[in-house]
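Residue-level structure breakdown
Each chain, written out:
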Amino acid sequence: MDFLRRCFSKMSRVKTIPEDIHSTSLSRCLTTFDLSLLGIGHMIGAGLYVLSGTVIKEMAGPSAVLSFCFAGVAAFLSALCYAEFGARIPKAGSAYSYTYVTIGELWGFLIGWNIILEHIVGMASVARAWSGALDALFDGAIKNGTIKTVGHLAEDSIWLSDYPDFVATGIGIVAFVIVATGAKISIHFNSTFTILNVIVLCFIIICGFVYANTDYWTTDKYGGFFPYGFSGTISGAASCFFAYIGFEGIAVGGEEAKNPEKSIPIASALALTVVTCLYLLATCSLTLMIPYTDTITSAAYPFAFEEVGASWAKYIVALGSMFGITTSLIGGAFSLPRSVYAMAEDGLLFHFLAYIHPRTQTPVVSIVVFGSIALLMTLLFEISTLVEFMSIGTLFGYTIVAASIIILRYQPVDKCQFKLKPDESPTKSSSTKSLPQDSEEASERQSIISKSKSHDDFGRLRQTLREFPILKKFEPGDGVKSAVVLMGVFMTSLLLVVIDGFDHLKEGAWWAVLLVIIFGLFVIVFYLTIIAHEQNDAFLTFQVPFVPLLPSLSMFVNIALMLSLSKYTWLRLVIWIVIGLILYFAYGMHFSHENRPSNGYGQIVEYAGDAKLPDNAMKSLSEEVREQQPADKSDERYHQAQTTYQ
């Protein structure tokens, strides 16, 4: 039992935030404009030029417009959650860091591991899209030549590509070389190509509407607006979500932003608004130019212009697609090594992966190691396989981030990531004048105390519900944590019945209707349980509005999109998570920075307490030593604490 208790304690420990939240080995050189273009460039690439054709022809038809709209709403809800965390914790780990700080180490590791998967697969799929766009200009000569020279890699496989894509692998190498030269160079390169891509997109939209034919949306001859039904629209939305995941690159770049508290929220909102409008207008123009059944998935826009007699336009579109896919490629290559670096810096992955080159200030080892994995997947896997594989890991991460926002808002002051020192913990009689005024952390504490009449009640039940039989047994903040987890479980159960049992619901099967009612009631009960607690809304940085409503909606939408993906996608996710768990229990749990003593005797005593040393050993350390902040190693008490720990 002691062993299991210690394991659980390690898995649930949270990341300690340093006093200087802005300290980093990376270079803080990015402006709000840089981050906005990074997000736009990362989102407008394969998602528009390649994925849109697949969604239109095989999943949703003209209703792909709604698919992109639904995916955009889901992405916007997730982006709000990212923006709040990114402003408060501007670190390269993005969702990994946010989860680690709020929920605990194991969940943080799993999210980080899935983020790495997301960026690996994203890089591979976008490189494949770049190769496909180039191949389309030469009427398939690259693909046919490769198959003729090398032969088929695998035919009719659900895992592997039809042929090894050497062109995609080559452009992937170029992208990683550009990223390795430094953040500012990468961003300048990205910004230039993003602006050119937006100009070409405006041309596509205007010309597309010139050749529009509304019959393709309205008449049964062409299948109408919902040729695959509304379920096809939802399935299309799950795949379309891939097109929006680039906004996470903004949060990943937060550690290199000059003013992350303002830049991340503004850049996230601006990038998503621009991209969503462009996606909707471009998809409208494509589905109005030609019937959805005539769409060519590998080169949808060039072929559409050729079909309407504007062959000259297809070359401009092809050029724009190369610009767009290149920016998406650079965005993926930029985000991948920084996500690895964040986990390695915390000790959860091998520490050599956190090496920063002194001249370029980039994580070069992470670029080489995980870039090689991405390039291998580029060579071997088909783009459709890669897109679905990435979407599920991304949606899983976004769901956890939304849950983390709710948990964070209902944490008591002493459990927030900006913790008060023992002698500064506020009580009802404490005065804000006693707090230091010379730092952002002091301002944060003062804001939390002065803006609320019940700052010492955060996470507790509201005054009128203090005697509620079950909930009064929970410690402050713990009741909300449990309610969020259970709400997520019943959301999943409800959506499983609605999605997989939709035909039974249409037929009015009593058991299906009963399950929907039961699961729906439980979701409502746990949602009401959350709002029955006192919320902390006095943070100085950006806050998601309408908590817990918007994060709960984000969880619901993301879970629905996840459950719309195929069983093979779930199988691939399970395999990846199993590999990650093996790595965590074999290495990360033991070498985590939270598992070893720091340079201060105060934190060594805290670590020793977690290890449950004998009572007589703990008593030998004075209360003064336990409460001290990290001290000089020459201090005699430091050596006393270190000896006791050993």
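Refer to the structure above for everything that follows.
Described in the following lines is the structure provided in the data block.

About the cut-offs
Residues numbered from 1 in each chain as written. Predicted model: local features only at pLDDT ≥ 70, side-chain atom pairs only at ≥ 80, totals over all residues. Heavy atoms only, no water. Phe/Tyr/Trp six-rings, centres within 6.5 Å; stacked < 30°, edge-to-face > 60°. Helix = DSSP H or I, 4+ residues; strand = E, 2+ residues; numbered from the N terminus. Buried < 20%, exposed > 50% of the residue type's maximum accessible area, 1.4 Å probe, protein only. Lys NZ or Arg CZ within 6 Å of the ring centre and 35° of its normal. Patch = residues over 30% accessible without salt bridge, like charges linked within 9 Å, V, L, I, M, F, W, Y side chains within 5 Å. Areas by Shrake-Rupley, 256 points an atom, 1.4 Å probe, with all protein chains shown as cover. Salt bridge = Lys/Arg side-chain N within 4 Å of Asp/Glu carboxyl O. Core = buried A, V, L, I, M, F, W, Y, C linked by side-chain atoms within 4.5 Å. Contact = heavy atoms within 4.5 Å. Axes fitted to C-alpha atoms, helices over the stretch in contact; angles between N-to-C directions. Parallel < 35°, antiparallel > 145°, perpendicular 65-115°, else oblique. Left-handed = near helix turned anticlockwise from the far one by under 90°. Nonpolar A, V, L, I, M, F, W, Y, C, P; charged D, E, K, R; others polar. Polar contact = N/O pair within 3.5 Å; in protein donor to acceptor, adjacent residues only side chain to side chain. Expected span 1.5 Å × (residues − 1).

Given two aromatic rings, their pairing is described by the distance between the two centres and the angle made by the two planes. Scanning the model with the defined rule gives 27 aromatic pairs in all. Seen in terms of ring centroids, Trp107 and Phe396 are 6.4 Å apart; in terms of plane orientation they differ by 40°. Their pairing is tilted. Residue Trp107 is found in helix H6 (residues 105–137), and its partner Phe396 is found in helix H17 (residues 383–409); the two are separated by 289 residues along the sequence. Overall, Phe396 belongs to the buried group, its relative accessible area being 16%. Between Tyr228 and Tyr292 the ring centres are 5.9 Å apart and the planes differ by 70°, which places this aromatic pair in the edge-to-face class. Within this pair, whereas Tyr228 is found in the loop between helix H10 (215–218) and helix H11 (229–240), its partner Tyr292 is found in the loop between helix H13 (260–289) and helix H14 (300–307), the two being separated by 64 residues in sequence. Sitting above the plane of the Tyr163 ring, Arg128 keeps its charged end 5.5 Å from the centroid. Lying across the ring of Phe334, Arg338 places its NZ or CZ 3.8 Å from the centre.

Turning our attention to H14. By the burial criterion, the buried members of H14 are Ala300, Tyr301, Pro302, Ala304 and Phe305. One or two residues past the end of H14 sits Gly309, with phi positive at roughly 90°.

A cluster of nonpolar residues, Ile206, Val210, Tyr211, Trp312 and Ile316, forms a patch on the protein surface that exposes about 510 Å² of accessible area. Mapped by element, the contributors of at least two residues to the nonpolar patch are helix H9 (183–210) and helix H15 (311–345). Residue classification places Tyr211 among the partly exposed residues on the basis of a relative accessible area of 31%.

As a further point, take the nonpolar core. Note on soluble globular proteins: their nonpolar side chains tend to be buried together. Ranked by internal contacts, the top residues of the largest apolar core, which has 164 residues, are Ile116, Phe241, Tyr244, Tyr301 and Leu349. Per element, the largest residue contribution to this core is 18 residues, and it comes from H6. When near neighbours in sequence (up to four residues on either side) are disregarded, Tyr301 contacts Leu48, Tyr49, Ser52, Ile204, Ala282, Thr283, Ser285, Leu286 and Val317.

So, on to unusual backbone geometry. In this structure, Pro548 follows Val547 across a cis peptide bond, with omega equal to 10°. Looking at the secondary structure, you find Pro548 in the loop between helix H21 (510–531) and helix H22 (549–563). The phi torsion at Gln361 lies on the positive side, around 55°, for a residue other than glycine. Relative to the helices and strands, Gln361 resides in the loop between H15 and helix H16 (364–380).

H15 packs onto H9 with a crossing angle of 150° between their chain directions and a minimal axis gap of 8 Å. On the basis of their axis angle, the class for H9 and H15 is roughly antiparallel. Every pair of crossing elements has a handedness; the one defined by H9 and H15 is left-handed. The residues of H15 that touch H9, namely those facing Ala183, Ser186, Ile187, Phe189, Asn190, Phe193, Thr194, Leu196, Asn197, Val200, Phe203 and Ile204, are Trp312, Ala313, Ile316, Val317, Gly320, Phe323, Gly324, Thr326, Thr327, Ile330, Phe334 and Arg338. Considering only residue class, the contact of H9 with H15 consists of 15 nonpolar, 8 polar and 1 charged.

Residue position: His533 is located in the loop between H21 and H22. Polar contacts involving the side chain of His533 include one to the main-chain carbonyl oxygen of Thr529, which spans 2.8 Å.

Given a rise of 1.5 Å per residue, 17 residues ought to cover 24 Å, and the 24 Å separating the end C-alpha atoms of H16 matches this to within 8%. Listing the buried residues of H16 in full gives Val364, Ser366, Ile367, Phe370, Gly371, Ala374, Leu375, Met377, Thr378 and Leu379.

Let us now look at the pattern of salt bridges. With the rule as written, the count across this model stands at 5 salt bridges. Between Arg13 and Glu105 there is a salt bridge, with the nearest N and O atoms lying 2.9 Å from each other. Remark: Glu105 occurs in helix H6 and Arg13 occurs in the loop between helix H1 (2–12) and helix H2 (32–43); sequence separation between them is 92 residues. Taken as a pair, Arg13 and Glu105 share a single burial class, namely buried. Here Asp165 ties to Arg128 by a salt bridge, and the two come within 3.8 Å at their closest N and O atoms. Of this pair, Asp165 sits in the loop between helix H7 (141–150) and helix H8 (166–180) while Arg128 sits in helix H6, placing them 37 residues apart in sequence.

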